[in-house]
Amino acid sequence: IRKATTDKISTVVIDTSATETMARVLLRLLSSPIGRAEVLEDDNYIVLTRPNGEEWREIFVERFRTELSPFEPAKEARVYLSQDEEYAYFSSGDKDFYDGLVSLLEDVDGAHVDRVMSGDASYVAKFDPPFFNNKKYDNTRAFEQWESQEATGYQTILQMDLLAPKSSLKPGETVLYNYENNVWLGRWMSAEVVQMNEDFTYEIRGSFKRKYNIPRDQLRRLDFDPLAS
């Protein structure tokens, strides 16, 4: 189909009467940049055929996307206007390709798209696409699906460690008191045990105000014994 203003081809239709030999000749002509420039409407054209179970027709359309016009905006689609009416469709240079595809699906009852394949992305200077996090998307359905899940089984893992109990401290015994209990760095100072309470905590005194209910883990004997400190 030629465009009236330029007399160049803007649409290539391979109908059911076309042969594979004719398609090969056309591809050979268009494989040359000079041939495409003389025949096609710049980079804005479409190719359409009905595969009808003939693999060469699908390959014919695919080669436009992979070889002749491989850069975006280049789209190859499989469109069904009905259950038995399939079209292999290629579009080059159409930035509104998806808008047209949506309009087609809305206008034709029963039409659907099997797949769309895009061409290679062209170089874009200073490409800086926006970043989209999860808050940019509607996760309502996903959240509802997550909330509706029910466990089909449970697993409990127990790890048993045997720790030797620390020996008790006697009143009047001098110990180190961890007054700043930190997992990485503790601070210690000298203290004296006053008594052990019924809950196995300790009352201590020293250069500080008397402390009550100090856990055994915060006290250490001066004579360090790894098994009894």
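Everything below is about the structure shown above.
These notes cover the structure that comes with them. Everything numeric here is computed off the predicted structure, so don't read it as measured data.

What follows covers the packing of aromatic side chains. By the definition in use, this model includes five aromatic pairs. Ring plane angle 15° and centroid distance 5.9 Å describe the contact between tyrosine 89 and phenylalanine 97, whose orientation is recorded as stacked. Taken as a pair, tyrosine 89 and phenylalanine 97 share a single burial class, namely buried. Each ring, one from tyrosine 177 and one from phenylalanine 208, has its centre 5.6 Å from the other, and the planes form 45°; the classification is tilted.

Moving on: the pairing of strand β9 (residues 211-214). Inspection of the sheet shows strand β8 (residues 202-205) paired to β9 by two bridges, in the antiparallel sense. Across the sheet, residue tyrosine 202 finds its bridge partner in β9, namely isoleucine 214. Hairpin connection of β8 to β9: five residues between the antiparallel strands.

Looking now at the layout of surface pockets. Reported here for the largest pocket is a volume of approximately 210 Å³. Counting only elements with at least two residues in the lining of the largest pocket, the list comes to α1 (20-30) and α3 (55-68). With five residues, α1 is the largest single contributor of residues to the lining of the largest pocket. Partitioning the lining of the largest pocket into residue classes produces five nonpolar, no polar and four charged. For the lining of the second largest pocket, the leading source of residues is helix α4 (residues 97-107), giving four residues. For the lining of the second largest pocket, the per-class residue count stands at eight nonpolar, one polar and one charged.

Rules of the game
Residues numbered from 1 in each chain as written. Predicted model: local features only at pLDDT ≥ 70, side-chain atom pairs only at ≥ 80, totals over all residues. Heavy atoms only, no water. Phe/Tyr/Trp six-rings, centres within 6.5 Å; stacked < 30°, edge-to-face > 60°. Buried < 20%, exposed > 50% of the residue type's maximum accessible area, 1.4 Å probe, protein only. Pairing = 2+ DSSP bridges. Helix = DSSP H or I, 4+ residues; strand = E, 2+ residues; numbered from the N terminus. 1 Å grid on protein atoms, 1.4 Å probe; cavity = no way out; pocket = protein on both sides within 12 Å on 5 of 7 lines; lining within 4 Å. Points joined across faces, edges and corners; volume = space filled by probe spheres on them. Nonpolar A, V, L, I, M, F, W, Y, C, P; charged D, E, K, R; others polar.

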